[in-house]
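Residue strings, one per chain:
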Amino acid sequence: TGAANYPADILPGIAAMGIQVESCDALKLAEEAGSVKTVNVVLIGMLARHLEIAKEVFVQALGECVKEKFLAMNLKAFELGYHTGKQ
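The shown structure was predicted, so the numbers you read here are calculated from the model rather than taken from an experiment. (Residues numbered from 1 in each chain as written. Predicted model: local features only at pLDDT ≥ 70, side-chain atom pairs only at ≥ 80, totals over all residues. Heavy atoms only, no water.)

Attention now goes to the side chain of Arg49. Along the chain, Arg49 turns up in the loop between helix 3 (39-48) and helix 4 (55-65). Of the polar contacts made by the side chain of Arg49, one reaches the backbone oxygen of Tyr82; its length is 2.8 Å. (Helix = DSSP H or I, 4+ residues; strand = E, 2+ residues; numbered from the N terminus. Polar contact = N/O pair within 3.5 Å; in protein donor to acceptor, adjacent residues only side chain to side chain.)

The subject of this paragraph is the pattern of salt bridges. In total, this model carries two salt bridges according to the counting rule given. Ionic pairing is found between Arg49 and Glu22, a salt bridge with its closest N-O pair at 2.2 Å. Placement of Arg49 in the loop between helix 3 and helix 4 and of Glu22 in the loop between helix 1 (10-16) and helix 2 (26-33) is noted, with a sequence separation of 27 residues between them. You can call Glu22 partly exposed: its relative accessible area is 30%. In this structure, Lys55 engages Glu79 in a salt bridge whose closest nitrogen and oxygen atoms are separated by 3.0 Å. Separated by 24 residues along the polypeptide, Lys55 in helix 4 and Glu79 in helix 5 (residues 68-83) bring together distant segments of the chain. On the basis of relative accessible area, Glu79 is assigned to the partly exposed category, the value being 28%. (Salt bridge = Lys/Arg side-chain N within 4 Å of Asp/Glu carboxyl O. Buried < 20%, exposed > 50% of the residue type's maximum accessible area, 1.4 Å probe, protein only.)

What follows deals with the nonpolar core. In terms of nonpolar packing, the biggest core is built from 15 residues, with Val41, Val42, Ala48, Leu62, Ala77 and Phe78 touching the most fellow members. Looking at this core, the elements that each hand over two or more residues are helix 2, helix 3, helix 4 and helix 5. Of all the elements, helix 5 adds the most residues to this core, at five residues. Filtering out sequence-adjacent residues up to four positions away, Phe78 remains in contact with Val41, Ile44, Gly45, Ala48, Lys55, Phe58, Val59 and Leu62. (Core = buried A, V, L, I, M, F, W, Y, C linked by side-chain atoms within 4.5 Å. Contact = heavy atoms within 4.5 Å.)

Per the stated rule, a full pass over the model turns up two aromatic pairs. For the pair Phe58 and Phe78, a centre-to-centre distance of 5.9 Å together with 25° between the ring planes defines the contact as stacked. Note that Phe58 is positioned in helix 4 and Phe78 in helix 5, a separation of 20 residues in sequence. We note that Phe58, like Phe78, is buried. For the ring pair Phe78 and Tyr82, a centre distance of 5.8 Å and an interplane angle of 25° mean the geometry is stacked. (Phe/Tyr/Trp six-rings, centres within 6.5 Å; stacked < 30°, edge-to-face > 60°.)

In short, the description is geometric, and any link to function would need to be established separately.
Rendered as structure tokens:
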């Protein structure tokens, strides 16, 4: 959100410790989805690729938990996160 300043070399430093690092500008993707309030859903989308839970389970959960008027925006945020950095 810009509330904190992180060291410029934080990601390479974490990767140098042997930790898998995947990053994106989740705030920018949330804005692209329609609202900065969907930033957490962008991150859930990124995480979902790495879990042994079917993508459809996340989509169904969003459908059950998000108000109808916000659902399309949240599904877009999830998809943006899910496909970010994917090869």
